[in-house]
Amino acid sequence: MLLPLLLSLLWEGTQAQDWEYQLQVATPVTVQEGLCVFVPCSLTYPQDGWTSGTPAYGYWFRRETHTVSGFPVATNHPDREVQADTQDRFLLMGDPSKRNCSLLLREARSEDSGLYIFRLERGPQVKYNFKQWLYLEVTALTQKPDVFIPGMLEPGQPANAVCVFKLTSEHCPAPTFSWTGAAVSTRATQPLRSHFSVLSLTPRPQDQGTGLTCHADFSAKSTQETVHLRLAYAPKDLVISVSWDKASAPEPLAGVPLLEAPKGRSLRLLCAADSQPPATLTWLLGDRVLSRSLPSGPTSLALELPGLKPSDSGHYTCQAENGRGSQSRSLDLVVQYPPESLTVMVSQGNRTVLENLGNGTTLPVLEGQSLRLVCSTRSQPPAQLSWARGTQTLSSSQPSEPGVLELPQVQPEHEGALTCLARNPLGSLRVFLSLSVQQPPQLPGPSCSWEAGGLRCSCSSRARPAPSLRWRLGERLLEGNSSGNSSHASFTVTSSSAGPWANSSLSLRGELGSDLRLSCEARNVQGAQSVTVLLLPDEGLASMALSKGVFLGIGVTTLFFLFLILIIVKMLRKKPAQPAVPRAKVSRSSTILDYINVVPKTAGPIVRTQKAKPGSPSQPPAPGAHSPEPRRKQQGPHGPAPTAPPQAPRSACGQEELHYAALSFPGPRPWDASTSTEPHVDYAEIKFH
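Note that the structure is a prediction, hence the values are computed from the model and not measured.

Right, let's talk about the overall build of the protein chain for a bit. For the protein chain, the helix and strand inventory stands at 2 helices and 46 strands. Within the protein chain, residue pairs in contact and separated by at least 24 positions form 63% of the contacts whose partners lie at least 6 positions apart. Roughly 38,300 Å² of accessible area belongs to the protein chain as shown, and the carbon and sulfur atoms make up 55% of that amount.

The strands making up a sheet are joined through hydrogen bonds of the backbone, oriented either antiparallel or parallel. Strands sit in the order β12-β13-β16 across an open sheet of 3 strands; the sheet is antiparallel. Of all strands in the sheet, those bounded by a partner on one side alone are β12 (146–148) and β16 (196–201). Adjacent strand axes in the sheet meet at a mean angle of 20° when their direction is disregarded. Bridge count between β12 and strand β13 (residues 159–164): 3 bridges; the pairing is antiparallel. Opposite D146, over in β13, you have V164 as the bridge partner.

Once that is clear, we can look at the state of the cysteines. By definition, a disulfide links two cysteine residues through a covalent bond between their sulfur atoms. For the structure shown, the criterion picks out 7 disulfides. In this model, C36 is linked to C172 through a disulfide, with the two sulfur atoms separated by 2.2 Å. Residues C36 and C172 are joined by a disulfide whose S-S torsion is about -70°; by sign, that bridge is left-handed. With C36 in the loop between β2 (29–32) and β3 (37–39) and C172 in the loop between β13 and β14 (176–181), this pair connects stretches of sequence that are 136 residues apart. Here the two residues C36 and C172 agree in accessibility, since each one is buried.

With that settled, the discussion passes to empty space enclosed by the protein. Tallied over the full model, the rule gives 5 cavities of 30 Å³ or more. Its volume calculated, the largest cavity comes out at about 60 Å³. Every residue along the wall of the largest cavity is listed here: L35, C36, Q143, F165, K166, L167, T168 and F218.

Considering the arrangement of structural elements, one finds R265 in the loop between β21 (258–262) and β22 (267–276). With near-sequence residues (within four places) excluded, R265 lies in contact with W244, D245, L305, P306, G307 and L308.

W60 and F118 are the most contacted members of the largest nonpolar core, which totals 50 residues. What W60 contacts, discounting residues up to four positions off in sequence, is C41, P72, V73, A74, L92, C101, L103, Y116, I117, F118 and L134. Ranked by size, the runner-up nonpolar core spans 25 residues in total, among them V242, L269, L308 and C318.

Here we come to the packing of aromatic side chains. If you walk through the whole model with that rule in mind, you get 9 aromatic pairs. Ring geometry for F118 against F130: centres 6.1 Å apart, planes inclined by 40°, an arrangement best described as tilted. Residue F118 is located in strand β9 (residues 114–122), and its partner F130 is located in the loop between β10 (126–129) and β11 (134–139); the two are separated by 12 residues in the primary sequence. Side by side, F118 and F130 carry an identical accessibility label, which is buried. Through a chain of ring-to-ring contacts, three or more aromatic side chains come together here, namely Y21, W60, F118, Y128 and F130. The side chain of R99 reaches across the aromatic face of Y45, ending 4.9 Å from its centre. The ring of Y233 carries the charged tip of K236 above its face, separated from the ring centre by 5.0 Å.

Attention shifts here to a nonpolar patch on the surface. Where nonpolar side chains cluster on the molecular surface, the patch consists of F560, F561, L564, I568 and L572 and spans about 450 Å² of accessible area. Its place among the elements puts L572 in helix α2 (residues 539–572).

Mapping S504 onto the fold places it in strand β42 (residues 501–510). A sequence separation of 45 residues divides S504 from C459, and the C-alpha atoms of the two residues are 5.3 Å apart. With near-sequence residues (within four places) excluded, S504 lies in contact with C457, S458, C459, L469, W471, V493, T494 and S495. Among the polar contacts listed, one links the side chain of S504 to the side chain of W471, at a separation of 2.9 Å.

Before going further, it helps to examine the pattern of salt bridges. Going through the model one piece at a time under the given rule, you end up with 15 salt bridges. For the salt bridge of D112 with R62, the shortest nitrogen-to-oxygen distance reads 3.9 Å. Residue D112 is found in the loop between β8 (103–105) and β9, and its partner R62 is found in strand β5 (residues 56–62); the two are separated by 50 residues along the sequence. The burial state of D112 is the same as that of R62; both residues are buried. With a closest N to O distance of 2.8 Å, D112 and R89 form a salt bridge. Of this pair, D112 sits in the loop between β8 and β9 while R89 sits in the loop between β6 (74–75) and β7 (90–92), and the two are 23 residues apart along the sequence. Residues D112 and R89 agree in their burial class; the two are buried. Overlapping salt bridges, with partners in common, bring together R62, D85, R89 and D112 in one network.

Further remarks concern unusual backbone geometry. Going from T27 to P28, the amide bond is cis rather than trans, its omega being 0°. Within the secondary structure layout, P28 lies in the loop between β1 (22–25) and β2. Between Q276 and the following residue, P277, the backbone shows a cis peptide bond with an omega angle of 0°. With respect to the helices and strands, P277 occurs in the loop between β22 and β23 (280–285). Although it is not a glycine, D237 sits at a positive phi angle of roughly 55°. Inspection of the secondary structure assignment puts D237 in strand β19 (residues 233–244).

Our focus in this paragraph is the sheet that holds β7. Strand order in this open sheet of 3 strands is β3-β8-β7, and the pairing throughout is antiparallel. At either margin of the open sheet sits one strand with a lone partner, and together these are β3 and β7. Between one strand axis and the next, the sheet turns through 15° on average, direction left out of account. One ladder, built from 3 bridges, connects β3 with β8; its direction is antiparallel. If you follow V37 over to β8, its bridge partner there is L105.

As a further point, take the side chain of H215. Mapped onto the elements of the fold, H215 is located in strand β17 (residues 211–217). For H215, the side chain forms a polar contact with the side chain of Q224, separated by 2.9 Å. Those residues in contact with H215, other than ones at most four positions away along the chain, are T176, F177, S178, T180, R187, T223 and Q224.

All right, on to the environment of S291 then. One can find S291 in strand β24 (residues 288–292). Put simply, S291 and L281 are 10 residues apart on the chain and 8.4 Å apart in space, counted from C-alpha to C-alpha. Apart from the residues lying within four places of it in its own chain, the contact partners of S291 are L281, T282, W283, L301, A302 and L303.

Next up on the list: the confidence of the model for the protein chain. Chain-level statistics for the protein chain give a pLDDT mean of 77 and a share of 74% at 70 or above. In this model residues 576–689 is a low-confidence stretch, pLDDT under 50, and it forms 205 contacts with partners more than four residues away in sequence or in other chains.

The two faces of a sheet get side chains in turn, since along a regular strand they alternate between them. Across the 11 residues of strand β37 (residues 454–464), 9 count as buried, placing the element largely inside the fold. Across 2 bridges, the pairing between strand β35 (residues 427–442) and β37 is antiparallel. By the bridge assignment for β37, Q439 is matched with R464. Sheet analysis places strand β36 (residues 447–451) next to β37, joined by 5 bridges and oriented antiparallel.

Reading the values: rules and limits
- Residues numbered from 1 in each chain as written.
- Predicted model: local features only at pLDDT ≥ 70, side-chain atom pairs only at ≥ 80, totals over all residues.
- Heavy atoms only, no water.
- Helix = DSSP H or I, 4+ residues; strand = E, 2+ residues; numbered from the N terminus.
- Contact = heavy atoms within 4.5 Å.
- Areas by Shrake-Rupley, 256 points an atom, 1.4 Å probe, with all protein chains shown as cover.
- Pairing = 2+ DSSP bridges.
- Axes fitted to C-alpha atoms, helices over the stretch in contact; angles between N-to-C directions.
- Disulfide = S-S within 2.5 Å.
- Buried < 20%, exposed > 50% of the residue type's maximum accessible area, 1.4 Å probe, protein only.
- 1 Å grid on protein atoms, 1.4 Å probe; cavity = no way out; pocket = protein on both sides within 12 Å on 5 of 7 lines; lining within 4 Å.
- Points joined across faces, edges and corners; volume = space filled by probe spheres on them.
- Core = buried A, V, L, I, M, F, W, Y, C linked by side-chain atoms within 4.5 Å.
- Phe/Tyr/Trp six-rings, centres within 6.5 Å; stacked < 30°, edge-to-face > 60°.
- Lys NZ or Arg CZ within 6 Å of the ring centre and 35° of its normal.
- Patch = residues over 30% accessible without salt bridge, like charges linked within 9 Å, V, L, I, M, F, W, Y side chains within 5 Å.
- Salt bridge = Lys/Arg side-chain N within 4 Å of Asp/Glu carboxyl O.
- Polar contact = N/O pair within 3.5 Å; in protein donor to acceptor, adjacent residues only side chain to side chain.
- pLDDT = per-residue confidence, 0-100.

Below you can see the structure in the form of structure tokens.
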């Protein structure tokens, strides 16, 4: 009964004692071989048998060392010997009386790795090995000094280099620094220990790229760091690399700086240059800036061209520039594509303005007019252009411009389909035109004659496209095949056409008054023409008109002869008188004009959709049409009818004039024949104004 009770009291006393002794230390602690590490440590213990003046002694032991008879690695007890291999390397930096047990380890060795315990002694009662252990791990030396070169190194200009070794604690000793390199004449050493070193140097151009080494030497170990000197220099070794469709690796562009690419592909151009300081990179298309890098940005600049278009073709330049100079490199990008946007421009006659024609256009052209067709397209490589009529290839009048087709005078045989073909190795394109050769109406004088108690007139016209013919009887318009009655007569119109010819005949029966106006009109898209037939008064009307005009004629004749006598007198004073030509006398009147020749009335200047003035002489009538020629052989009571006089010019006011010739008279009528001494004539030329 007493033994278990005693053991229980001892165990409870031990637990109470452990609770009063506590040690706080970070574990594990890692240090590189040859370097120094400071291990902070604090502790708590009871005030049992000691006063403030009682010294406190602390000991750090390896775990396997006996804490009473063995040698510690570090202690503050002046009479306690430490292990030989740790002397002056392990230092108890803390004061145990102030509850500080911090440890400093210098020039760490790999065999220093392991577990360590701390023992405290103060007065007769406090003698305790703390249960909290320190684990120390020593690793290989990998830490190196850091080398800095403030600013930019310029050849021939003084500069400083700084070497810094980062220490874990201010209690750790600093290394000894030294410098080596091509820019250092001899090894520069700084004997004074410090955690950094400053080297002054003046680099030369040949020092570009050479190494500069900073050495940090400790008692047992040393470490170093090497940097390569980069002196300021202008951009060089500029390279342009090419990749396609974001899949292929960039390939440097070599050889001729010409890059041909099909339309639609994606292209990536990468520009890189070596320079110090880093250059600003710029991509340009011609003189236009496409993109630019920042001075502190990467040393390369990419230009993305997704879905190449013809407008992407051009002269591309990558330029690298810094404060020391610049360098650039260029390439020519050619985007290839088959012919597209094939168009035809046309100019006709004297018009200089080009008109754009689309595919399948029908082009009307006036016969005899000049025509110029210009075929153009966009393609790369440039397409070959040619013209063809049907299956026959046409030769260009300008070999240097095969897309130009010129027809100085358009003829009917030029009518038909024309094709412009554009072809290059990537494809071809055609545009089709239909050439329609047109003429304005040509209207010879109509032919009129008495047949079976009525008047029959025939009218024929030739034009392209075929004209339409119509008669105008007074104010009434007659066209096609029709019949009917006017105010004084009945009429019948018969019309026909064959090719470019149109024919029409008009039959009139009944009383035809002198005020009746009759005309034939021909028209098509190029213009219109008309001729007028005039019905003259019959015998009774002529006698009345003659009797009323005799007195007026006598007065006018008297004045005329007086004026003529004065002129003759003046002329006789200068030269002998010339015999006068006897004037023919009209002996009969007319009831109908046998045939008429007129000067056609046309519209203004010809354009494709306007009426044109005829430019060629009258053509003979189509077979089967009533002849427009005058009945020159018709016999009258006094012999054959005279020939028609030449056509008279148009009046200045532009209105239609009436021209008459070769009048036939139905019978004789005496007119003071017994007293007349003038020769008898059977026709007269009459012209109304």
